[in-house]
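Residue-level listing of the chains:
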Amino acid sequence: MAERAALEELVRLQGERVRGLKQQKASAEQIEEEVAKLLKLKAQLGPDEGKQKFVLKTPKGTRDYSPRQMAIREKVFDVIISCFKRHGAEVIDTPVFELKETLTGKYGEDSKLIYDLKDQGGELLSLRYDLTVPFARYLAMNKLTNIKRYHIAKVYRRDNPAMTRGRYREFYQCDFDIAGQFDPMIPDAECLKIMCEILSSLQIGDFLVKVNDRRILDGMFAICGVPDSKFRTICSSVDKLDKVSWEEVKNEMVGEKGLTPEVADHIGDYVQQHGGVSLVEQLLQDPKLSQNKQALEGLEDLKLLFEYLTLFGIADKISFDLSLARGLDYYTGVIYEAVLLQTPVQPGEEPLGVGSVAAGGRYDGLVGMFDPKGRKVPCVGLSIGVERIFSIVEQRLEALEEKVRTTETQVLVASAQKRLLEERLKLVSELWDAGIKAELLYKKNPKLLNQLQYCEEAGIPLVAIIGGCPKRRPCGRNQKENKPGPLHLLS
Amino acid sequence: MVVREKILDMVVGCFKRHGAKRLDTPAFELKEMLTEKYGEDSGLIYDLKDQGGELLSLRYDLTVPFARYLAMNKVKKMKRYHVGKVWRRESPTIVQGRYREFCQCDFDIAGQFDPMIPDAECLKIMCEILSGLQLGDFIIKVNDRRVLDGMFAVCGVPESKFHAICSSIDKLDKISWKDVRHEMVAKKGLAPEVADRIGDYVQCHGGVSLIEQMFQDPRLSQNKQALDGLGDLKLLFEYLTLFGIAEKISFDLSLARGLDYYTGVIYEAVLLQTPAQAQESFNVGSVAAGGRYDKLVGMFDPKGHKVPCVGLSIGVERIFSIVEQRMKTFGQKIRTTETQVFVATPQKNFLHERLKLIAELWDAGIKAELLYKNNPKLLTQLHYCEDMGIPLVVIIGEQEMKEGIIKLRSVASREEVAIKRENLVAEIQKRLSES
């Protein structure tokens, strides 16, 4: 026995060695060698150790959606899809994986979070990281120059999951994008209108949409004295301002990213500003910023955008915020992000902080990266962060103790007596053929009480009872003719 | 996509009508979950690269994830449907170098119940869906794993060859008995007499009378397994008759079905082609299939607790291609958007008015569009409506502004009426509800 225990310990240690090597990305030969040793040790333990004793779970960062969660999810999707359709979007779908090369070079620092498929002798593939790059690939591949489309599907990111805060490795995105060369800012304004319509309809509380422009950011960095080479990295520092304080961001820029304190301070003067169209006017007059052509273009576009947003009746929900930076590389113009101001909770409960619930922007250069001749198709779009919305809605329903039906069954076909299975089967079939949603228990002789209980638990509103009636239930039924009894409404 | 959505809506509508709850699982599972569940097909599983974490594989079907879900959550009874994509690396020799991603629509009933009632409901669902999709006549072949195994036993097939012979029999829907017999004898080492005995059985198909006949068969009736299977099939046919679908069901002894995990009744629906369709080489094989699999959940449960299951899978991809093909043949036009109203102007410098107006329509829940041009030509706007099949146009211009009205035009009939600005939304809603 001691021998066996010692052997098991060796197996365990060897297993850790193998895992360690894999994490360190040691050479394939080395890993193979150690794996071979591991298998030999395992073989020594005997045949029963060969059988996997696995842990029953879904992969890290993923989850099943239970029927209750699915019912909530469907409600949320219905709101979102009906809004997309209201704005005339067509729907498309793309494969879950793309050629690895399609995704390479599109996500900057985040590229390491992409899931690759094993090389099994064919094309090298990776799971899609978002729905935007596949969209751009689709446009270039089909030589489309304009389309308004929505796409709802799961995407995959090997991130550090934080399931309690709605951050998963497999999660849904709801994207809406307008591709094409059009008169400026009209489609961009429609995207913001859509975001507002959806967030209002979902009734998840007050929200605010922050708006900025990549050219204003870049122009601002330039006039503050940020070296060109540091633009992107300073951008990601500024992006953290919604989560950490200016002091911390400044420290990171100076301490970690080598910015001089004066430059950091200059940036600080700008990025702590936010406001309405008056701020746009103010910055157009700013002596330094107005010298920068890029920044001016951005500011002019934002001014036009605000005009349209006012006509759309949503300007009061929009805030021009100079600290908005957004992670992804491919944005070229306006960028926006919607945040909830406060989640509606029961009095006395802790509010839930869930960060942004929708975001997007203009990306004019992406399709050109796929087109063999580099032909550009300007695009603007948005993505709704539904996972966060699911958790908010779920929590709200739990707090209100609202029941969510997981089926839509309208009638249960029941029997009050034994040996009526035939009648039940005939009747339920009649109901189904008439398009009525009906069920029956899969028992030859179920007790009436059990059947009624089933209805209560499932929320089924009507029950059709065949057979002689139990006391207290009037029932003008003719057994010989096998007609169904009166429908009893369940209280 | 619109065609796909309509078909999926129809399928899901049927599942909901039968009281199924919806479930969703991740696109990939731990590799070990999928190992050893698919027999010979295991080589077709897509693996994810080992990137230092768990070893993962893309799901191959929706049944194994379902069994994993039941075991993981200790669920004993559940009626669920699942619509989702699955991934299979089809061998290049069989399907010309193409690896595959496709949609499956599964419906399953898990739980210990009185025999054959859920099984009968599965067949009822298959019939409802195939009839509802109006794909033409179809037939559902039914058999039972125990009848097959019993038949092999009484014919003299060595147990070790059961599986191999089963996959040969499975090919009878695509190739002739002669070819199958040849494969069994020449490639799988079956004695010719044994093959012939099998031939006597597997060429039989019929209704409930065939079941009765098999009950009387001197050889088969000696085999307990086969008797169990035949008994269940007899009960099944009784229920199918009560459901009014018995004439669509054929007890077919050649039905074998690939997957390892079936333990009882198995079924497969095929479309019956007209000679014209057969000529267009339109054969798409089966469009739906399923069966009973009582031991799968037990393979996941740490204590081996069994949860009996029966279910079906609708082959929607095949159905999509049939419907798309049909639409092309008949030149049917289908709208890709649901836009109801288009906001137009014949004049320049009217963008602001169009934006205000369209926002009013959106806020009232009306599906509306406008061109993203500051000064579009009226003709261009009207053409857009015709191309997209948008039924109504609202036209605004200088004259209309002065008079406080909007012109509402039907794209199809070109009839135009003047509506007061404040009544516009109500008037549009009225028109839309009437059409």
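Calculation rules
Once a new chain begins, its residue numbering starts again from 1 and follows that chain's sequence as written. Labels are handed out in written order, letters beginning with A for the chains and numbers beginning with 1 for the ligands. At least 70 in pLDDT is required for a residue's local features to be given in this predicted model, at least 80 for side-chain atom pairs to be given and counted, and no such filter applies to totals for whole chains, interfaces and linings, which use all residues. Neither water nor hydrogens contribute to the side-chain values; these are computed over all heavy atoms in the structure. UniProt positions are given in the numbering used here, feature names are shortened, and annotations may be inferred rather than shown by experiment. Only one rule defines a salt bridge in this text: a Lys or Arg side-chain nitrogen within 4 Å of an Asp or Glu carboxyl oxygen. Elements are defined by DSSP. Helices are runs of H or I of four residues or more, strands are runs of E of two residues or more, and each kind is numbered from the N terminus. Accessible area is worked out with a 1.4 Å probe on protein chains only. A residue is then buried under 20% of its type maximum, exposed over 50%, and partly exposed in between. Every residue pair with non-hydrogen atoms within 4.5 Å of one another is taken to be in contact. By nonpolar core is meant a set of buried Ala, Val, Leu, Ile, Met, Phe, Trp, Tyr and Cys residues that side-chain atoms within 4.5 Å join together. pLDDT runs from 0 to 100 and stands for how confident the predictor is about each residue. Stacked, edge-to-face and tilted labels apply to pairs of Phe, Tyr and Trp rings (six-membered ring for Trp) whose centres lie within 6.5 Å, assigned for plane angles under 30 degrees, over 60, and everything in between, in that order. Ring-over charges, as used throughout, are those where CZ of Arg or NZ of Lys falls within 6 Å of the ring centre and within 35 degrees of the ring normal. Computed with a 1.4 Å rolling probe, the buried area is the accessible surface lost when two parts are put together, summed over both parts. Polar contact criterion, stated in full: a pair of N or O atoms within 3.5 Å, where within protein one must be able to donate a hydrogen and the other to accept it, and residues adjacent in sequence count only if both atoms are side-chain atoms. Lines are fitted to the C-alpha atoms to define the axes, a helix being fitted only along its stretch in contact, and any angle between axes, read from their N-to-C directions, falls within 0 to 180 degrees. If an angle is under 35 degrees, it is roughly parallel; if it is over 145, roughly antiparallel; if it lies from 65 to 115, roughly perpendicular; otherwise it is oblique. A crossing counts as left-handed when the near helix is turned anticlockwise from the far one by less than a right angle, and as right-handed when that turn is clockwise. Residue polarity follows a fixed list, in which Ala, Val, Leu, Ile, Met, Phe, Trp, Tyr, Cys and Pro are nonpolar, Asp, Glu, Lys and Arg are charged, and the others, Gly among them, are polar.

With an unreviewed UniProt entry as reference, chain B is termed histidine--tRNA ligase, source organism Panthera pardus. UniProt's Catalytic activity (unreviewed entry) comment on chain B is quoted here verbatim: "tRNA(His) + L-histidine + ATP = L-histidyl-tRNA(His) + AMP + diphosphate + H(+)". We quote the UniProt Sequence similarities (unreviewed entry) comment for chain B here in full: "Belongs to the class-II aminoacyl-tRNA synthetase family."

Under an unreviewed UniProt entry, the name given to chain A is Histidine--tRNA ligase, cytoplasmic, and the source organism is Panthera pardus. What UniProt records for chain A under Function (unreviewed entry) is the sentence "Catalyzes the ATP-dependent ligation of histidine to the 3'-end of its cognate tRNA, via the formation of an aminoacyl-adenylate intermediate (His-AMP). Plays a role in axon guidance." Recorded in UniProt under Subunit (unreviewed entry), the annotation for chain A is "Homodimer."

1. As for the pattern of salt bridges
Within the structure shown, the criterion is met by 59 salt bridges over all chains. In this structure, the salt-bridge partner of Glu74 of chain A is Lys16 of chain B, at a minimum N-O distance of 3.5 Å. Residue Glu74 of chain A is found in helix α3 (residues 67–86), and its partner Lys16 of chain B is found in helix α1 (residues 2–17); the two belong to separate chains. Arg414 of chain B is paired through a salt bridge with Glu386 of chain B; the nearest N and O atoms lie 3.5 Å apart. Remark: Glu386 of chain B occurs in helix α15 (residues 378–388) and Arg414 of chain B occurs in the loop between β15 (405–410) and β16 (416–420); sequence separation between them is 28 residues. Ionic contacts of the salt-bridge type, sharing partners, join the residues Glu74, Glu408 and Lys437 of chain A together with Lys16 and Arg22 of chain B into one network.

2. Topic: the UniProt feature "binding site: L-histidine" (unreviewed entry) in chain B
Residues and elements named next belong to chain B. The positions UniProt marks with the feature "binding site: L-histidine" (unreviewed entry) are Asp61, Leu62, Thr63, Arg88, Gln104, Asp108, Arg257, Tyr261 and Tyr262. Among the secondary structure elements, Leu62 is positioned in the loop between β3 (56–58) and α3 (63–72). Overall, the relative accessible area of 0% leaves Leu62 in the buried class. Not counting residues up to four positions away in its chain, the partners in contact with Leu62 are Arg80, His82, Gly84, Lys85, Val86, Gln104 and Asp106. Tracing the chain through its elements places Thr63 in helix α3. Not counting residues up to four positions away in its chain, the partners in contact with Thr63 are Asp106, Tyr261, Tyr293 and Leu296.

3. Some thoughts on the nonpolar core
Considering soluble globular proteins, one finds that nonpolar side chains tend to be buried as a cluster. Among the nonpolar cores identified, the biggest contains 140 residues, and Ile198 and Ile314 of chain B are the most heavily contacted of them. Setting aside anything within four residues of it in sequence, one finds Ile314 of chain B in contact with Val11, Phe15, Gln104, Cys105, Met126, Ile129, Val287, Ala288 and Ile319 of chain B. One finds Ile147, Ile186, Tyr270 and Leu299 of chain A within the second-largest nonpolar core, a separate group that totals 132 residues.

4. Remarks on the confidence of the model for chain B
Residues and elements named next belong to chain B. Of all residues in chain B, 95% have pLDDT values of 70 or greater, and the mean over the chain is 90. When mean pLDDT is taken per element in chain B, strand β12 (residues 341–344) scores highest with 97 and helix α11 (residues 275–279) scores lowest with 53. Low pLDDT, under 50, characterises residues 93–97; the stretch is placed with three contacts to residues that sit more than four places away or in other chains. Scored as a whole, the predicted complex attains pTM 0.85, and scored at its interfaces, ipTM 0.88.

5. Quick notes on the packing of aromatic side chains
The final tally for this structure, using the stated rule, is 23 aromatic pairs over all chains. Note on Phe77 of chain A and Tyr172 of chain A: the rings are 5.0 Å apart at their centroids and 65° apart in plane angle, and the pair reads as edge-to-face. One end of the pair, Phe77 of chain A, is in helix α3; the other, Tyr172 of chain A, is in strand β5 (residues 170–179), with 95 residues separating them in the sequence. Neither residue differs from the other here; Phe77 of chain A and Tyr172 of chain A are each classed as buried. Relative to Phe231 of chain A, the ring of Phe221 of chain A has its centre 5.7 Å away and its plane inclined at 65°; by these criteria the two rings are edge-to-face. Of the two residues, Phe221 of chain A is situated in helix α7 (residues 214–224) and Phe231 of chain A in helix α8 (residues 231–238); the sequence distance between them amounts to ten residues. Residues Phe221 of chain A and Phe231 of chain A agree in their burial class; the two are buried. When the ring centre of Tyr129 of chain A is taken as origin, the NZ or CZ atom of Arg157 of chain A, which lies over that ring, is 4.1 Å away. Residue placement shows Arg80 of chain B over the ring face of Phe66 of chain B; its charged tip is 4.1 Å from the ring centre.

6. What about the interface of chain A and chain B?
Every contact between the two is made by 83 residues of chain A and, on the other side, 81 residues of chain B. Overall, the association of chain A and chain B removes approximately 7400 Å² of surface from exposure, summing both partners, and the carbon and sulfur fraction of that is 58%. Three residues stand out in chain A for area buried against chain B, namely Leu56, Trp432 and Tyr442 of chain A, and they jointly supply 12% of the buried area on that side. Where chain A meets chain B, there are 17 salt bridges. Between Lys57 of chain A and Glu54 of chain B there is a salt bridge whose closest N-O contact spans 2.4 Å. Our enumeration of links across chain A and chain B arrives at 37 residue pairs in polar contact (both at pLDDT 80 or more). If you tally residues by element for the side of chain A that touches chain B, the top one is helix α15 (residues 421–433) of chain A, at eight residues.

7. Remarks on the packing of helix α6 (residues 186–201) of chain A against helix α14 (residues 351–363) of chain B
Each packed pair of helices is defined by two parameters, the angle between the axes and the distance between the axes. One way to put it is that α6 of chain A packs onto α14 of chain B with a least axis distance of 12 Å and a crossing angle of 20°. One finds that α6 of chain A runs roughly parallel with respect to α14 of chain B. Handedness of the α6 of chain A/α14 of chain B crossing: right-handed. For the pair α6 of chain A and α14 of chain B, the contacting residues are Ile186, Glu190, Lys193 and Glu197 of chain A in the first and Leu351, Leu355, Ala359, Trp362 and Asp363 of chain B in the second. Looking at the contact of α6 of chain A with α14 of chain B residue by residue, the classes come out as five nonpolar, no polar and four charged.

8. Observations regarding the environment of Cys122 of chain B
Here Cys122 of chain B is to be found in helix α4 (residues 117–132). Sequence separation between Cys122 of chain B and Asp108 of chain B is 14 residues; the distance between their C-alpha atoms is 7.9 Å.

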